[in-house]
Amino acid sequence: GAVVSQHPSRVICKSGTSVKIECRSLDFQATTMFWYRQFPKQSLMLMATSNEGSKATYEQGVEKDKFLINHASLTLSTLTVTSAHPEDSSFYICSARGPTSFLILETQYFGPGTRLLVL
Amino acid sequence: KNEVEQSPQNLTAQEGEFITINCSYSVGISALHWLQQHPGGGIVSLFMLSSGKKKHGRLIATINIQEKHSSLHITASHPRDSAVYICAVAKYGGSQGNLIFGKGTKLSVKP
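The structure displayed is predicted, hence computed values, not measured ones. (Residues numbered from 1 in each chain as written. Chains lettered and ligands numbered in written order. Predicted model: local features only at pLDDT ≥ 70, side-chain atom pairs only at ≥ 80, totals over all residues. Heavy atoms only, no water.)

Caption draft 1: Representation of the overall build of chain B within the structure. Secondary structure assignment for chain B yields zero helices and 11 strands. Taken over the C-alpha trace, chain B has a radius of gyration of 13 Å; the compact-globule value for 111 residues is 13 Å, and the two agree within 12%. For the C-alpha atoms alone, the extent of chain B along its principal axes is close to 45 × 30 × 25 Å. Counting across all 111 residues of chain B, residues that qualify as buried make up 47%. Sequence-distant contacts in chain B: of pairs separated by 6 or more residues, those separated by 24 or more amount to 55%. Carbon and sulfur atoms make up 50% of the accessible area of chain B, which totals about 5,400 Å². One way to put it: in chain B the 11 positive side-chain charges average out to a point 5 Å from where the 6 negative ones average out. (Helix = DSSP H or I, 4+ residues; strand = E, 2+ residues; numbered from the N terminus. Rg over C-alpha atoms; globule rule 2.2 N^0.38 Å. Buried < 20%, exposed > 50% of the residue type's maximum accessible area, 1.4 Å probe, protein only. Contact = heavy atoms within 4.5 Å. Areas by Shrake-Rupley, 256 points an atom, 1.4 Å probe, with all protein chains shown as cover. Lys, Arg positive; Asp, Glu negative; His and termini not counted. Charge placed at Lys NZ, Arg CZ, Asp CG, Glu CD.)

Pasting the structure below:
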């Protein structure tokens, strides 16, 4: 089946530093990748939708200058948390969707997630 | 009111029991996903369905589009099934397959 990886799986950083999280589709080309955030005991919340070769679309309330998304290739999207603060500590999950066809509905393959702790 | 509601929120079962987790939604959808989130956080996609019923091993997912309801069943439950099970819907006509997630059902299966 389709595999999506994330790196790193866990990161601890100091307040004010920037952190980059990578999301890769390992065995398929992902035309669209999604970035989600999950706070403890909460549902996943979509942060942004990333299409290869174009600017990401951010959900309301998500600062695009703080959460920089780059989808430079069909297998890689990166999320950079700039000037991270303790309130950015969360579980960040990406998912990837391959090219759709009329036979296949919305299929998203989820990465394992990255746990960010900002001290 | 949330657009996706799951019940129960928490469920404890004995090994071997038949388990049912329910999901109701209030919007038109193009697809419904059942996901499993392990204690470490990683998410596994179990099913994606838009009608009828799907089966994979001990897992069965059903959906009734008219009633806007889906169920996830686990037969012969095992402690390794302990996880959070999440229902998520792809809103019909929504942008780029944006999923709306339920809050999850935490399942604990005791040996």
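What follows picks up the thread again.
Caption draft 2: Region of interest: a nonpolar patch on the surface. Together, Ile12, Leu117 and Leu119 of chain A give the surface a local cluster of nonpolar side chains, amounting to about 300 Å² of exposed area. With respect to the secondary-structure elements, leucine 117 of chain A resides in strand 11 (residues 114-118). (Patch = residues over 30% accessible without salt bridge, like charges linked within 9 Å, V, L, I, M, F, W, Y side chains within 5 Å. Salt bridge = Lys/Arg side-chain N within 4 Å of Asp/Glu carboxyl O.)

Caption draft 3: Structural context of the sheet that holds strand 1 (residues 4-7) of chain B. All names here are of chain B. Pairing in this open sheet of five strands is antiparallel, and the strands run 1-3-8-7-6 from one edge to the other. Each of the sheet's edge strands pairs with one partner strand only, and the pair in question is strand 1 and strand 6 (52-56). On average, each strand axis in the sheet is inclined to that of its neighbour by 15°, with strand direction left out of account. The pairing of strand 3 (residues 19-25) with strand 8 (residues 69-74) spans six bridges and is antiparallel. By the bridge assignment, asparagine 22 is partnered in strand 8 with serine 71. (Pairing = 2+ DSSP bridges. Axes fitted to C-alpha atoms, helices over the stretch in contact; angles between N-to-C directions.)

Caption draft 4: Broad picture of the side chain of threonine 82 of chain A. Residues and elements named next belong to chain A. Structurally, the position occupied by threonine 82 is in the loop between strand 8 (76-81) and strand 9 (90-97). Judged by its relative accessible area of 18%, threonine 82 falls in the buried class. There is a polar contact of 3.2 Å between the side chain of threonine 82 and the backbone oxygen of aspartate 65. (Polar contact = N/O pair within 3.5 Å; in protein donor to acceptor, adjacent residues only side chain to side chain.)

Caption draft 5: Looking closely at the nonpolar core. Leu32, Trp34, Phe47, Leu72, Tyr85 and Val89 of chain B are the most contacted members of the largest nonpolar core, which has 25 residues in total. Secondary structure elements with two or more residues in this core: strand 3, strand 4 (29-37), strand 5 (43-49), strand 7 (59-64), strand 8, strand 9 (83-91) and strand 11 (105-110) of chain B. The next biggest cluster of nonpolar side chains, apart from the first, holds 24 residues, and it includes Val11, Met33, Tyr92 and Leu116 of chain A. (Core = buried A, V, L, I, M, F, W, Y, C linked by side-chain atoms within 4.5 Å.)

Caption draft 6: Spotlight on the pattern of salt bridges. Tallied over the full model, the rule gives four salt bridges over all chains. Its salt-bridge partner being lysine 66 of chain A, residue aspartate 88 of chain A comes within 2.9 Å of it at the nearest N-O pair. Separated by 22 residues along the polypeptide, aspartate 88 of chain A in the loop between strand 8 and strand 9 and lysine 66 of chain A in the loop between strand 6 (57-58) and strand 7 (67-73) bring together distant segments of the chain. By relative accessible area, lysine 66 of chain A is classed as buried at 12%. Ionic pairing is found between lysine 91 of chain B and glutamate 3 of chain B, a salt bridge with its closest N-O pair at 3.3 Å. In this pair, lysine 91 of chain B sits in strand 9 while glutamate 3 of chain B sits in the segment before strand 1, placing the two residues 88 residues apart along the sequence. The class for lysine 91 of chain B is partly exposed, based on a relative accessible area of 35%. Since its relative accessible area comes to 29%, glutamate 3 of chain B is described here as partly exposed.

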